[in-house]
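Per-entry structural report
Residue strings, one per chain:
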Amino acid sequence: MVLTGGPYKLFDHYLAVQPWEPRFHPTRAKAPKTAVWVKLHGVPIACFYEAICLYLGSKIGKPIKVDPATLLATRGKFARVCVEVDLNQPLPSSVDLDLEGLPQSLISIEFEGLHKICFHCGEFGHAEDHCRYKNPRHSSFESKPCAKAMIELT
């Protein structure tokens, strides 16, 4: 039940729960894929059905489940879906709602508990103001003033 009941958050950070492995070593553990709760802002309340929410979740990663409050439409401001995402792949900041019979609209995404997401490059692990693609000063060793001086001396 613990493995399928999550994802679990502790002090607004995700707690990774996985099956026991005999040779597990915590300092070498990698978690490239994780289940996260995603808030989908801008979904019409008429679309708060499990199939539609899972479809939108599939545009982000592997959809796992829909929050019961979403299915009951008790919030109304956003739909909430649990999605497995690969943290080594860029994460989207929005998805298109492109269902037949509905006007196409852009749905903004909020990842709960993932605090270091860059929405410039989509990578997890740094904020946009530290993006090496947006800010060249964060991109490489050669861009730092001390490094330039060392290169000139050699």
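First, a word on what this report is: a plain description of the structure on this page. (Residues numbered from 1 in each chain as written. Predicted model: local features only at pLDDT ≥ 70, side-chain atom pairs only at ≥ 80, totals over all residues. Heavy atoms only, no water.)

**Some details on the overall build of the protein**
- Counting its regular elements, the protein contains four helices and seven strands.
- Secondary structure elements in the protein, listed N-terminal to C-terminal, are α-β-β-β-α-β-α-β-β-β-α.
- Residues counted as buried form 30% of the 154 residues belonging to the protein.
- Contacts in the protein between residues far apart in sequence, at least 24 positions, make up 51% of those at least 6 positions apart.
- By element, 58% of the accessible surface of the protein is carried by carbon and sulfur atoms, the whole surface being about 10400 Å². (Helix = DSSP H or I, 4+ residues; strand = E, 2+ residues; numbered from the N terminus. Buried < 20%, exposed > 50% of the residue type's maximum accessible area, 1.4 Å probe, protein only. Contact = heavy atoms within 4.5 Å. Areas by Shrake-Rupley, 256 points an atom, 1.4 Å probe, with all protein chains shown as cover.)

**Some points on the nonpolar core**
- Core analysis: the biggest nonpolar cluster contains 23 residues, and Val38, Leu40, Val43, Ile60, Val85 and Phe111 have the highest contact counts within it.
- Ranked by the residues each element gives to this core, the list is headed by strand β5 (residues 78–86), at four residues. (Core = buried A, V, L, I, M, F, W, Y, C linked by side-chain atoms within 4.5 Å.)

**Structural notes on the packing of aromatic side chains**
- The full count for this structure, using the stated rule, is zero aromatic pairs.
- The side chain of Arg80 reaches across the aromatic face of Trp37, ending 4.1 Å from its centre. (Phe/Tyr/Trp six-rings, centres within 6.5 Å; stacked < 30°, edge-to-face > 60°. Lys NZ or Arg CZ within 6 Å of the ring centre and 35° of its normal.)

**Thoughts on unusual backbone geometry**
- Of note in the backbone geometry, Ala73 takes a positive phi value of approximately 55° without being a glycine.
- Of note, Ala73 is situated in the loop between α3 (68–71) and β5.

**Here's the deal with the sheet that holds strand β6 (residues 94–97)**
- The antiparallel open sheet is built from five strands, whose spatial order is β4-β5-β3-β7-β6. If you trace the sheet from one side to the other, it starts and ends with β4 (62–66) and β6, each paired once. Geometrically, the sheet is characterised by an average inter-axis angle of 35° between neighbouring strands, direction not taken into account.
- Relative to strand β7 (residues 105–111), β6 runs antiparallel, the two being bridged by four bridges. (Pairing = 2+ DSSP bridges. Axes fitted to C-alpha atoms, helices over the stretch in contact; angles between N-to-C directions.)

**Here's the deal with the side chain of Lys39**
- Residue position: Lys39 is located in strand β3 (residues 33–41).
- Notably, Lys39 is buried but unbridged: the nearest opposite-charge side chain belongs to Glu110, and the N-O separation is 4.0 Å.
- If near-sequence neighbours (up to four positions away) are discounted, Lys39 is found in contact with Phe78, Ala79, Ser108, Ile109, Glu110 and Glu112. (Lys, Arg positive; Asp, Glu negative; His and termini not counted. Salt bridge = Lys/Arg side-chain N within 4 Å of Asp/Glu carboxyl O.)

**Observations regarding the pairing of β5**
- Burial within β5 is extensive, with seven of its nine residues counted as buried.
- Sheet topology places β3 next to β5; nine bridges connect them, and they run antiparallel. For Ala35, the partnering residue across the bridge sits in β5 and is Glu84.
- With four bridges connecting them, β4 and β5 associate as antiparallel partners.

**Digging into helix α2 (residues 50–58)**
- Residues of α2 that are buried include every one of Ile52, Cys53, Leu56 and Gly57, and no others. Down the axis of α2, the buried set is contained in an arc of 140°. They therefore lie on one face.
- Structurally, α2 contributes buried residues whose contacts are with β3, β4, α3, β5 and β6. (Arc of directions from axis to C-beta.)

**Some remarks on the pattern of salt bridges**
- Tallied over the entire structure, the rule returns three salt bridges.
- For Asp98, the salt bridge is made with Lys59, and the minimal N-O distance between the two is 3.1 Å. Within this pair, whereas Asp98 is found in the loop between β6 and β7, its partner Lys59 is found in the loop between α2 and β4, the two being separated by 39 residues in sequence.
- Residue Lys59 is classed as partly exposed on the basis of its relative accessible area of 31%.
- Two residues, Glu112 and Arg80, come together in a salt bridge whose shortest N-O distance is 2.8 Å. Note that Glu112 is positioned in the loop between β7 and α4 (145–153) and Arg80 in strand β5, a separation of 32 residues in sequence.
- The buried category is assigned to Glu112, whose relative accessible area is 9%.

Limitation: the analysis is restricted to geometry and does not speak to function.
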